[in-house]
Amino acid sequence: MSDNNKKKNGAVIFAGIAIVVVVIIVLMVGLFIKLLSGASHKSTEQLLKKVDVVYATPEKGTITMDDTALYDELPEITKYPLAVEGRGDIDIEIFTSGEKAGDNYDSWLVDIAKKFNSSGATLSDGSSVSMSVRSVASGLGGDYILSGKYLPDFWTPSNELFGEYIMSQGADIEEYEERLVGNTAGVLITKGSQYKTIKDVADAVSSGKINLGYTNPQTSATGMNLLMTILKEYGGNDLFSDQAVDGFVNFQKNIPYVAYTTQQMRDSASNGSLDGMCMEYQTYVNEKNLNSLYDFIPFGVRHDNPLYAVNYGGKTTDKKEAMRMVADFCLSQEAQTLAHNKGFNYNDDYKPEYEFSGTEIYKALQTYKSHKDTGKNIIAVFVADCSGSMDGDPINQLKSSLSNGMKYINENNKVGLVSYSSNVTVEVPIAEFDLNQKSYFQGAINNLSAGGTTYSYEAVVVAMDMVEKAREADPDAKVMIFLLSDGMANGKYDLSDIRYALEESKIPVYTISYTDQGDAEALKKLSEVNEAAAINADSDDIVYKIKSLFNSEM
C-alpha cells in the first residue's frame, strides 16, 4: 500500500473516531442536562412500576338524595373580609365584583369608600354615615342574596345579567342605579387578525381556526355575557332553537377549556396556548402586555356595574337616606374622574344590540350545563389526600365535599376514586356513575381516614393510568383528574418526574388546596401543566368551592 493510501485510510479512521467521540459527547451532554434539570421522560406505565398500589374491596354506603341547593353550602361571610370597614352610626355595606375592590387600578370603590368615610357625612339628625366594601364575585354575591344567608345594603356586579337572574328567582332586590361606572366586555384577539366582530370570532372558533378561553358563566359575569351572546348570535330571536344550541355546541367543542378564574385564563394566554380570551376593557387598557399584543372586540351587554338595593322595602328611613348619600358620592364628578383614571368610563359609544330577561338567563345556564361537554362522555378520577397532615378538620371537610358534591355529577359520567398516604389505594375503579357506583363511592368516602406520608405524585400517576385505560374504550371522552390535598408531598416522585407523562396524556389535573396549612403553589404548578384550575380553599369554604367546580365540570 502506498504512503498516500495509508494517509487516506488514516484520515478516514481518524474522522470516524472523531465522529464517534462527538456523538458520545453530545449524548453525554444531553444526559447531563437531563440529570441536572431533574427531568424525566418516563411514560405512565414506566412510572407506575415504582408505585405501591393497593386495591380496596369496595363497600357500599348509604347515599342521600336530597335536593340541597348549592348555596346551602355557602361559607360564612367572614371568609370574604371587608376591604373597607365603615364605623358610622349608620353603615352602608356594598358587595362588589373584584375589579372595583382590589389593588392598584382595581381599587376604585375602595378608594371611594375611604374618601367618603373621611368626609364626615351625617344625616339631618346628626347621625354619622359610613360605607363598607366587600369584594365578592358577581355569581357568588348573587348566591348570598338569593339564599338570604347574608344581605348587604347594595350589590354592584359587573353587569346586569346576574341581577336579572336572581330577581327572576325571587331575590328581593331592585335596580337603584343603572350605571355606577362604565365598562365593556370584549374578546382579545391577536393584533392584526382578520376578525372584527364577535360573530367573526365565534365562527373562527367553531371552525377550529383559533383557540379561545373564557370564564365559567355560572360564576363570572363576563362568561355569562359570552354565553348569552353566542346563543343570540346563532339563534336570533329564539335563544334556544336547535340552530342556537347547535351553534353553541359547535363553538364549545373547540374551546380548549373554560377557565375557573380570569387569572388562570391570562396565565394560559401568556404561555402562548390561546389566540384570544375574554376580558373587560378596564383590565385590557391597564395591562400593557395585553393591549400591546391584542385587539379588543366588545360584545354583549355593557358592563356598567349597575347598583342594586337589597331588601330596600325593609329599610328604615334613615337607612334609605344614608344609601342615597353613598350612591350620590359614587356618582359625583370627583368619583367618576377617579374611575376614568383607573380604566373605567371608556367606550361609551358602544351600545348593546340586545338585552336578556332573567328567565332567558336561567334557561341559558341550564343549556350550558347540558351541552358544555358537547355530547362527550366524561372520565374522571378523584384523588383524595389521606396523609397525616390532613388529619382533623381537613379530612372531614374533604369527605363532606365529596359526599355533597356527588349530586352534581351526571350519571352518564364514568368516575373512580383513589386515596393515598404512604401508598396509593384504588378505592373505586372507574365505572358509570349510576346508583350502584354512587353507593360504592360513598362507602369509600366513609372509610377515608388520615395518617402516614404524602405520595401525591404517585397517586396522580395511578389516576393517569386508570384514565388512560378507560379512554382506550372511549377515545373521544373528556378526561380529568381532581386532586384534593394540602400539597405537602414527600413521596418518591415530584412534579419533574411525572411532567412528561402528564403532558403526553393531556389529562388536566384540577387541584383543590387547603391553603391554611399546605403548599398551594406546588398544586398550582401541577394544574398548570395541562391548563386546569387550581383552587385555594381553606376549611371554611372548600365544600362550596368543590361543589361549584363539580357543577361546572361534571
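Worth saying up front: this structure is predicted, and the values here are computed from it rather than measured.

1. Details of a negative patch on the surface
In step 1: Residues D89, D125, D318 and E321 make up a contiguous surface patch of negative charge.
In step 2: Mapped onto the elements, D89 comes out in the loop between strand 2 (82-84) and strand 3 (90-96).
In step 3: Residue classification places D89 among the exposed positions, given a relative accessible area of 59%.

2. Observations regarding the side chain of N305
In step 1: If you trace the backbone, N305 turns up in the loop between strand 11 (294-299) and strand 12 (307-310).
In step 2: The exposure class of N305 is buried, given its relative accessible area of 0%.
In step 3: Each residue touching N305, except ones within four places of it in the same chain, is listed here: S97, E99, K100, T156, P157, S158, R179, L180, V181, N183 and F344.

3. Considerations on the pattern of salt bridges
In step 1: According to the stated counting rule, one finds 20 salt bridges in the structure shown.
In step 2: Between K319 and D153 there is a salt bridge; the shortest N-O distance is 3.6 Å. A residue pair is termed long-range when its members are at least 10 positions apart, and K319 in helix 12 (residues 317-330) and D153 in the loop between helix 4 (138-147) and strand 5 (154-156) qualify at 166 residues.
In step 3: Shared partners join several salt bridges into a network, and the residues in it are R179, R302, D304 and D348.

4. Section: the sheet that holds strand 10 (residues 276-280)
In step 1: Within the open sheet, the five strands sit side by side as 9-8-10-7-11. Their pairing is mixed. The open sheet has two edge strands with one neighbour each: strand 9 (258-259) and strand 11.
In step 2: As defined by bridge partners, strand 7 (residues 185-190) adjoins strand 10 across five bridges and the pair is classed as antiparallel. Residue V187 lies in a different strand from strand 10, and its bridge partner there is C278.

5. A word on the sheet that holds strand 4 (residues 129-135)
In step 1: Pairing in this open sheet of six strands is mixed, and the strands run 2-4-3-5-12-6 from one edge to the other. Every other strand in the sheet has two partners, leaving strand 2 and strand 6 (173-177) as the edge strands with one partner each. Shown here is a sheet whose adjacent strand axes are inclined to one another by a mean of 35°, direction ignored.
In step 2: Bridge count between strand 6 and strand 12: four bridges; the pairing is antiparallel. Bridging across to strand 12, E174 finds its partner in A309.
In step 3: The strands touched by helix 4 are strand 3, strand 5, strand 6 and strand 12; relative to strand 5, the strand with the most contacts, the crossing angle is about 150°.

6. Here's the deal with the environment of S403
In step 1: Residue placement: S403 occurs in helix 15 (residues 393-405).
In step 2: Sequence-distant contacts of S403, defined by excluding residues within four places in its chain, comprise Q442 and I445.
In step 3: One polar contact links S403 to Q442, side chain to side chain, over a distance of 3.0 Å.

7. A closer look at the nonpolar core
Nonpolar side chains tend toward joint burial in soluble globular proteins.
In step 1: Ranked by size, the top nonpolar core spans 54 residues in total, and within it W155, V201, Y214 and F251 carry the most contacts.
In step 2: Counting residues in each nonpolar core, the second largest holds 35 residues, with V424, A459, I481 and L523 among its members.

8. Side note on helix 5 (residues 161-168)
In step 1: All of the buried residues along helix 5 are L161, F162, G163, Y165 and I166.
In step 2: Elements in contact with the buried residues of helix 5: helix 4, strand 5, strand 6, helix 7 (221-235), strand 12 and helix 14 (358-371).
In step 3: Count one or two residues on from helix 5 and you reach G170, which has phi positive near 100°.

Parameters and conventions
- Residues numbered from 1 in each chain as written.
- Predicted model: local features only at pLDDT ≥ 70, side-chain atom pairs only at ≥ 80, totals over all residues.
- Heavy atoms only, no water.
- Patch = residues over 30% accessible without salt bridge, like charges linked within 9 Å, V, L, I, M, F, W, Y side chains within 5 Å.
- Areas by Shrake-Rupley, 256 points an atom, 1.4 Å probe, with all protein chains shown as cover.
- Salt bridge = Lys/Arg side-chain N within 4 Å of Asp/Glu carboxyl O.
- Lys, Arg positive; Asp, Glu negative; His and termini not counted.
- Charge placed at Lys NZ, Arg CZ, Asp CG, Glu CD.
- Helix = DSSP H or I, 4+ residues; strand = E, 2+ residues; numbered from the N terminus.
- Buried < 20%, exposed > 50% of the residue type's maximum accessible area, 1.4 Å probe, protein only.
- Contact = heavy atoms within 4.5 Å.
- Pairing = 2+ DSSP bridges.
- Axes fitted to C-alpha atoms, helices over the stretch in contact; angles between N-to-C directions.
- Polar contact = N/O pair within 3.5 Å; in protein donor to acceptor, adjacent residues only side chain to side chain.
- Core = buried A, V, L, I, M, F, W, Y, C linked by side-chain atoms within 4.5 Å.

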